[in-house]
Amino acid sequence: MTIPFPQTPEFSGALYTPSRVEAEVFDLEIEGVLPASIGGTFYQVAPDPQYPPMLGNDIFFNGDGVVSRFNFANGKVSMRRRYVKTDRLLAQRREGRSLNGVYRNVYTNDRLAAKNNTTANTTVIPHNGVLLALKEDALPWAMDLDTLETLGEWTFDGQIKSATFTAHPKLDPVTGNLLACSYEAKGDGTPDLAYFEISPDGKLLHEIWFQAPYAAMVHDFAVTERYVVFPLIPLTVDVERMKNGGPHFQWQPDLPQLFAVVPRNGNAQDVRWFKGPKDGFQGHTLNAFDEDGKVYVDMPVTGGNIFYFFPQADGYVPPPETLAASLMRWTFDLNSALDEVEPQPLTDYPCEFPRCDDRYIGRKYQHGFLLAFDPERPYNPANGPIPFQFFNLLVHLNLKTGITDAWFPGDSGCFQEPIFIPRSADAEEADGYVVALLNLIAEGRSELVVLDSRDMASGPIARIRIPFRMRMSLHGCWTADPN
Ligand code: V55
Ligand code: FE
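Per chain, the residues get numbers from 1 upward, laid out in the order the sequence is written. Labels follow written order: the first chain is A, the first ligand is 1, and so on. Given that the model is predicted, a residue must reach a pLDDT of at least 70 before its local features are reported, and side-chain atom pairs must reach 80 or more before they are shown or counted; all residues, however, enter totals for whole chains, interfaces and linings. For side-chain calculations, the full set of non-hydrogen atoms in the structure is used, while hydrogens and water are omitted.

Turning our attention to the packing of aromatic side chains. Ring pairs are drawn from Phe, Tyr and Trp, using the six-membered ring of Trp, whenever the two centres fall within 6.5 Å, and their geometry is named by plane angle: stacked under 30 degrees, edge-to-face over 60, tilted for the rest. Applying the stated criterion across every chain, the model contains 34 aromatic pairs. Taking 5.6 Å as the distance between ring centres and 40 degrees as the angle between the ring planes, the aromatic pair formed by Tyr103 and Phe310 counts as tilted. Taken together, the positions of Tyr103 in the loop between helix H2 (87-95) and strand S6 (123-127) and Phe310 in the loop between strand S22 (294-303) and strand S23 (325-333) put the pair 207 residues apart, joining distant regions of the chain. Linked through ring pairs, Tyr16, Phe60, Phe61, Tyr103, Phe249, Trp251, Phe281, Phe307, Tyr308, Phe309, Phe310 and Phe388 together constitute an aromatic cluster. In this analysis the charged atom, NZ for Lys or CZ for Arg, is taken to sit over a ring once it is within 6 Å of the ring centre and within 35 degrees of the ring normal. Residue placement shows Arg423 over the ring face of Tyr433; its charged tip is 5.2 Å from the ring centre. Only DSSP runs of H or I with at least four residues qualify as helices, and only runs of E with at least two residues qualify as strands; both kinds are numbered from the N terminus onward.

Below, the discussion takes up the site of ligand 1. Nearness here has a simple test: a residue counts as near a molecule or strand if at least one of its heavy atoms is within 4 Å of that partner. In the neighbourhood of ligand 1, the contacting residues comprise Phe61, Tyr103, Asn121, Thr122, Lys135, Glu136, Met217, His219, Phe307 and Leu474. Pairs of N or O atoms within 3.5 Å make up the polar contacts considered here, provided that, within protein, one atom can donate a hydrogen while the other can accept it, and that residues adjacent in sequence are counted only when both atoms are side-chain atoms. Note that an oxygen atom of ligand 1 is positioned 3.4 Å from one of the side-chain N or O atoms of Thr122. One of the side-chain nitrogen or oxygen atoms of Lys135 is found 2.7 Å away from an oxygen atom of ligand 1. Gly is put with the polar residues, along with every residue not named as nonpolar or charged; the nonpolar set is Ala, Val, Leu, Ile, Met, Phe, Trp, Tyr, Cys and Pro, and the charged set is Asp, Glu, Lys and Arg. For the shell around ligand 1, a count of residues per class yields 5 nonpolar, 3 polar and 2 charged.

What follows is about the UniProt feature "binding site: Fe cation" (unreviewed entry) in the protein chain. Under the feature "binding site: Fe cation" (unreviewed entry), the UniProt entry names His168, His219, His284 and His475. Over a stretch of 308 residues, the named residues converge on one spot in the fold, their C-alpha atoms separated by at most 12.5 Å. Within the annotated group, the residues that form the lining of the second largest cavity are His475. Locating His168 in the fold gives a position in the loop between strand S9 (150-153) and strand S10 (170-171). Here a residue-residue contact requires only that any non-hydrogen atoms of the pair lie within 4.5 Å. With sequence-adjacent residues up to four places away left out, His168 is seen in contact with His219, Asp220, Phe221, His284 and His475. UniProt positions are given in the numbering used here, feature names are shortened, and annotations may be inferred rather than shown by experiment. A cavity here means a set of 1 Å grid points, computed over protein atoms only, where a 1.4 Å probe fits but cannot escape. A pocket is an open set with protein on both sides within 12 Å along at least 5 of 7 lines, and lining residues have an atom within 4 Å of a point.

Time to look at the sheet that holds strand S14 (residues 222-223). The 4 strands lie next to each other as S14-S15-S18-S19, forming an open sheet whose pairing is antiparallel. Edge positions in the sheet fall to S14 and strand S19 (272-278), since each has one partner strand and no second. Any two strands between which DSSP finds at least two bridges are classified as paired. Where S14 meets strand S15 (residues 227-232), 2 bridges bridge the pair, whose relative direction is antiparallel. Following the sheet pairing, Ala222 is matched in S15 by Val229.

Where a protein is soluble and globular, its nonpolar side chains tend to be buried together. Counting 74 residues, the largest nonpolar core has Phe230, Leu235 and Phe310 as the members making the most contacts within it. Not counting residues up to four positions away in its chain, the partners in contact with Leu235 are Ala215, Ala216, Met217, Phe249, Gln250, Trp251, Phe281, Phe307 and Phe310. Core analysis: the second largest hydrophobic core is formed by 23 residues, Phe42, Tyr433, Val450 and Ala462 among them. We call a set of buried residues a nonpolar core when its members are Ala, Val, Leu, Ile, Met, Phe, Trp, Tyr or Cys and they connect through side-chain atoms within 4.5 Å of each other. Exposed residues in this analysis have more than 50% of their type's maximum accessible area, buried residues have under 20%, and partly exposed residues fall in between, with area computed by a 1.4 Å probe over protein chains only.

This is the structure in structure tokens:
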């Protein structure tokens, strides 16, 4: 490969320089003591472009998916890392260059590009004996849970007829069902939405299909015991624009933050629409629950467009320092005829990549784990400009007391999305360990840090050293060994 990656913020610096590493590391070095009682696997996925972008530059979300698997047993950790061998990746490897143009715009691809355009780069989750690698633009790709060998596109035995599948499925903690949704479910630019419940052994139990007033991004969604909520971000899709080589998404400052609320066991006639404030961006779901006909959804919300790479029609993107964000609670009152909603803040600081104790998904809950950015904390300017998605705090938030317990890793560290591991199968909510990747910018390497959820401020009880730098990732999950 002779062409270098561009020296743009998307391909340089500690977080975004491509890593491109597939690896096998047996018994990683550990500083501190990892409790032997932690047994299971942490899976995660990062966009990591195999080749420099065909068009000279590209966005983070368009990188090829590379999956990492950290196996925890007897106080030791071993890792394996493999690209998802998508059709798209294999076509590039065959030709020795990138063949894909604008993000989610197949009209701009090289004629030698694979038909299936997905990078499978957004999350990984075990289901029915395979590891699913997911991106919201296509069906999942399956991998072997252990070897990470790619098995191919996953249609759930032909039961899922949608063109797309969410990168934020949930596992119902009571039934073990996989809860999922789709948008642009009948192809690029279609306003079709769908909801799916799939049993642990892979049977499609229920599906709901309906239409939104327009096609817009539904990046994450929310489930409660009885309801499912689709947040439509004011980023809309126009196939004509795509045919002219334009972006898949465009920010619409005059559209509301729109929500569809549907009973999980209902159908298209039961959909209720709610409108939030305009010019706002619904982020990732922390958790949601319903009580007495009210549906509560907690998520970071930002005033204005945080995706600078999907500008509005006149090209405007707000300067990052003007974007105020906090964790918010949306309340959808199904007993009321009002269709306007206003979110209420739960934190006074910006945060993202929220995770709950997975045993409480969709149920009344009290705790969140988050990445946050505190601009008052020191930052070493020798590390270069602060990159997109820079988080210098790893947080445990008690929603009932409002107490934030956080660890700051110093002026040259930033985190990737955390996961929570219960101390034991029957431990109280949020009692256990928080695990996150930490990028040590000045040292050009990464570690997996393990903190006690009840004492975040003291910092890691164990630091698991990774002998290379891990590029910024998106999402992952923890699977405990079967007891
Ligand atoms: C997001 C991420 C994506 C994507 C669309 O975080 C939205 C939001 C990694 O890919 O394709
Ligand atoms: Fe996401």
